[in-house]
Amino acid sequence: MVFKREDGRKPEELRKPINAKVGIIPNADGSAMYQSGETIAIAAVYGPKEHHPRNQRNPRKGTLRCNYNMLSFSVTDRIRPGPSRRSTEISKITEWALTPVVMLEKYPNMVIDVHIHMIQADAGTRCAGINAAAMALAHAGIPMKNLVSSVAAGKLDKTVVLDLDKHEEDFEEGEGSTDIPITMTPDGEITHIQLDGKITSKQLKEAIEMAKKASKEIYEIQKKALKEVGEK
Amino acid sequence: MSENTRKIIIPGEIIVKGEEFLPGDGTEKRGQEIVALRYGLAEESNKLVKVIPLSGVYQPRRGNVVIGQVENINFNGWFLNIGAVDNGFLSLMEVPRYVNKDGLEEVMKIGDSVVVKIWSINKRGIDLSIKSRGLGKIEEGLIIKVNPNKVPRIIGKEGSMIKMIKDETGCNITVGQNGLIWIKGDKIENELYAKKAILFVAEKSFISGLTDEVKKWFESENKGGKK
């Protein structure tokens, strides 16, 4: 039996349109936008700058401070603005996904602020946020070992699929839906992986392989966006 | 003297392959390959590969002439904001004449702008100097701010660009490496004219053959100005 996705996508197909744009916020040291289907994220980077409060300074290496926020109009039902349990968690996750590639040891006692805002949300927001943040960090001229690209793999009933939208995330037939956001470098090194739902280890491997291919695709889009802004 | 082809590079991208190349600023050697660590223009000369930054905050370097603003005063010097992460410190010893311990404000008070040179950068901070020609407190004129990464274009090859702007507008211009530019002319109109020219250069900084472009711009401006 071949599983059919409601929007007619193949299992390993990403949502369209995928847009990336760099340098959207003139006041920031680096900024970027990333759109995947109906999900749009914007990221702004400020710094490296003086770290306040002083007691949180690290004299060995710099600090990366991420702030993820969903704007109140980003979903159909207005969400209450301000930090929530969910947004604090995703902020932390984003930090962990980006820290392995950012060379913070060059900026002891300093901080790099990354602000991520979702202006439209339709599942996969943390992935869109990480993609935008990676581009914004590069645009800010911060030394990085590599770029990172993020994509969510998933499972609908028994089929492994890629890049679920909100409608698919709420899928409840059979085994239901599983969501696996993965962040990796173009070399295939994973910096972040989460799993929400049930999956066999065999299918998890399949999902990672799928995400690896898709992250290369996203990397090319990020690369193109960064090169475009310099030529302008 | 080969014409270097510069191309935009992103972090993690391979610039060149080969054992003979040496990694310079903003690059790293991984096995046989020279890999970029930051976003910018890749340049290769004499087997040395480096990345010229296009964006980001100002990175102070020894010997840079910068324009700073007095932020704080203590008993033996002034703290200047030079647009870098650390504040710069200008010692009282740098002032050639005798200054009373309570009279530091009389020389430079909080909010004053000063042209300074970066003397040294160490763990404690940045030490500044004003013991050189062209340095010192700014008494009058106009200070404008541009992106620090565009300063090399504003100065031009061996100062060609800034010399042309100076000649055309009749203003005295000091370009700080931190992106602050001090314009001083006889008339305010001339200062504003110079400001317009500099902002034009900063905006068009990506064009090759920029000096000719600016020459044309001056010609068209002069025609319109005389009527």
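What counts and how
- Note that residues are indexed from 1 along each chain, following the sequence as it is written.
- For naming, the first written chain is A and the first written ligand is 1, with later ones following in the order written.
- Reporting in this predicted model follows two pLDDT cut-offs: at least 70 for local features of residues, and 80 or more for side-chain atom pairs to be given and counted; totals over whole chains, interfaces and linings ignore these cut-offs and use all residues.
- The numbering of helices and of strands both runs from the N terminus, where a helix is a DSSP run of H or I of at least 4 residues and a strand a run of E of at least 2.
- Working definition of burial: number of other C-beta atoms within 10 Å of the residue's own, with buried at 20 or more, exposed at 12 or fewer, and partly exposed in between, all C-beta atoms being placed from the backbone.
- By the criterion used throughout, residues are in contact when their C-beta atoms, derived from the backbone, lie within 7 Å.
- Only the stretch in contact is used when a helix axis is fitted, and all axes are lines through C-alpha atoms; the angle between N-to-C directions ranges over 0 to 180 degrees.
- Orientation categories follow fixed angle ranges, with anything under 35 degrees roughly parallel, anything over 145 roughly antiparallel, 65 to 115 roughly perpendicular, and all other angles oblique.
- We call a crossing left-handed when the near helix sits turned anticlockwise from the far one by less than a right angle, and right-handed when that turn is clockwise.
- In the scheme used here, Gly and all other residues not listed as nonpolar or charged are polar, with Ala, Val, Leu, Ile, Met, Phe, Trp, Tyr, Cys and Pro taken as nonpolar and Asp, Glu, Lys and Arg as charged.
- In this description, the arc belongs to the directions extending from the helix axis to the C-beta atoms.
- All domain edges in this entry derive from an automatic or database-based domain assignment.
- A pair of strands is labelled paired if DSSP reports no fewer than 2 bridges between them.
- What makes a nonpolar core is a set of buried Ala, Val, Leu, Ile, Met, Phe, Trp, Tyr and Cys residues, with links drawn between C-beta atoms within 7 Å.

Asker: Got a sec to walk through the overall build of chain B? Specific residues and values, please.
Answerer: For chain B, the count of helices and strands is five helices and 16 strands. When the backbone C-alpha atoms are referred to their principal axes, chain B occupies close to 60 × 55 × 25 Å. Going through the 227 residues of chain B one by one, you find that 32% of them count as buried. Partitioning the intrachain contacts of chain B with sequence separation of at least 6 by distance along the chain shows that 55% fall at a separation of at least 24.

Asker: Explain the environment of Ala197 of chain B residue by residue, including any values.
Answerer: Residues and elements named next belong to chain B. Along the chain, the position of Ala197 falls in helix α4 (residues 188–203). As for Ala197 and Ile162, which are separated by 35 residues in sequence, their C-alpha atoms are 9.9 Å apart. Ignoring any residue separated from it by four or fewer positions in sequence, one finds Ala197 in contact with Ile165 and Thr169.

Asker: Give me the packing of helix α3 (residues 160–169) of chain B against α4 of chain B: which residues, what numbers.
Answerer: When two helices pack together, their arrangement is given by the angle between the helix axes and the distance between those axes. Residue and element names in this part refer to chain B. Interhelical geometry of α3 versus α4 gives an angle of 150 degrees and a closest axis separation of 9 Å. When the interaxial angle is binned, α3 and α4 end up roughly antiparallel. The chirality of how α3 crosses α4 is right-handed. Taken together, the residues of α4 that come into contact with α3 (itself represented by Met161, Ile165 and Thr169) are Asn190, Tyr193, Ala194, Ala197, Ile198 and Val201.

Asker: Break down the interface of chain A and chain B for me, with residues and values.
Answerer: In this complex, chain A contributes 25 residues to the contact, which on the side of chain B involves 15 residues. Of all the secondary structure elements, the ones that give two or more residues to the side of chain A that touches chain B are β3 (39–50), α2 (125–139) and α4 (201–231) of chain A. Sorting elements by how many residues they give to the side of chain A that touches chain B places α4 of chain A first, with five residues. Residues of the side of chain A that touches chain B, tallied by class, amount to 11 nonpolar, six polar and eight charged.

Asker: Go over α3 of chain B, please, and point to the residues and values.
Answerer: Residue and element names in this part refer to chain B. Turning to α3, its buried residues are Met161, Ile165 and Thr169. Buried residues of α3 fall within an arc of 45 degrees about the axis and therefore sit on the same side. Pointing more than 90 degrees away from the buried face of α3 are the exposed residues Ser160 and Asp167.

Asker: Describe the domain arrangement of chain B, with residues and values.
Answerer: The domain boundaries assigned to chain B delineate domain 1 (7–53), domain 2 (65–137) and domain 3 (142–222). Here the C-alpha centre of domain 2 of chain B lies 37 Å away from the C-alpha centre of domain 1 of chain B.

Asker: Give a description of the sheet that holds strand β7 (residues 159–162) of chain A that names residues and reports values.
Answerer: Residues and elements named next belong to chain A. Read across the sheet, four strands follow the order β7-β6-β8-β9 without closing on themselves; strand pairing throughout is antiparallel. In the strand order of this sheet, the two ends are held by β7 and β9 (190–193), each with one partner. Going from strand to strand, the sheet's axes swing by 25 degrees on average, the running direction of each strand aside. Where strand β6 (residues 149–156) meets strand β8 (residues 177–184), eight bridges bridge the pair, whose relative direction is antiparallel. Pairing of Ser150 across the sheet is with Thr183, part of β8. Each of β6 and β8 touches α2; the most contacted strand, β6, lies at about 165 degrees to it.

Asker: Please set out the nonpolar core residue by residue, giving values where relevant.
Answerer: Residues and elements named next belong to chain A. Grouped together as the largest cluster of nonpolar side chains are 114 residues, with contacts concentrated most on Ala43, Ala132, Ala133, Met135, Ala136 and Leu137. Looking at this core element by element, the count peaks at 10 residues for α2. With sequence-adjacent residues up to four places away left out, Ala136 is seen in contact with Gly30, Ser31, Ala32, Ala43, Ala44, Val45 and Val114.

Asker: An account of the pairing of strand β2 (residues 30–36) of chain A is requested, with residue identities and associated values reported.
Answerer: Residue and element names in this part refer to chain A. Counting buried positions along β2 gives seven out of seven residues, so the element sits mostly inside the fold. Residues Gly30, Ala32, Tyr34 and Ser36 point to one face of β2 and Ser31, Met33 and Gln35 to the other, with burial holding for every one of them. Here strand β1 (residues 18–22) runs beside β2; their pairing, made up of five bridges, is antiparallel. Bridge pairing in β2 links Val22 to Ala32. Where β2 and β3 come together, seven bridges link them in antiparallel fashion. Looking at the pairing, Met33 lines up with Ile42 of β3. Between β2 and the antiparallel strand that follows it, β3, lie two residues; Gly37 among them carries a positive phi value of about 65 degrees.

Asker: Describe the pairing of strand β16 (residues 180–184) of chain B, naming the residues involved and giving the relevant values.
Answerer: All names here are of chain B. As defined by bridge partners, strand β14 (residues 142–145) adjoins β16 across four bridges and the pair is classed as antiparallel. Within the sheet, the bridge partner assigned to Lys145 lies in β16 and is Leu180. Where strand β15 (residues 172–175) and β16 come together, four bridges link them in antiparallel fashion. Bridge pairing in β16 places Val175 opposite Ile181. Count of turn residues in the β15/β16 antiparallel hairpin: four residues, of which Gly179 carries a positive phi of about 95 degrees.

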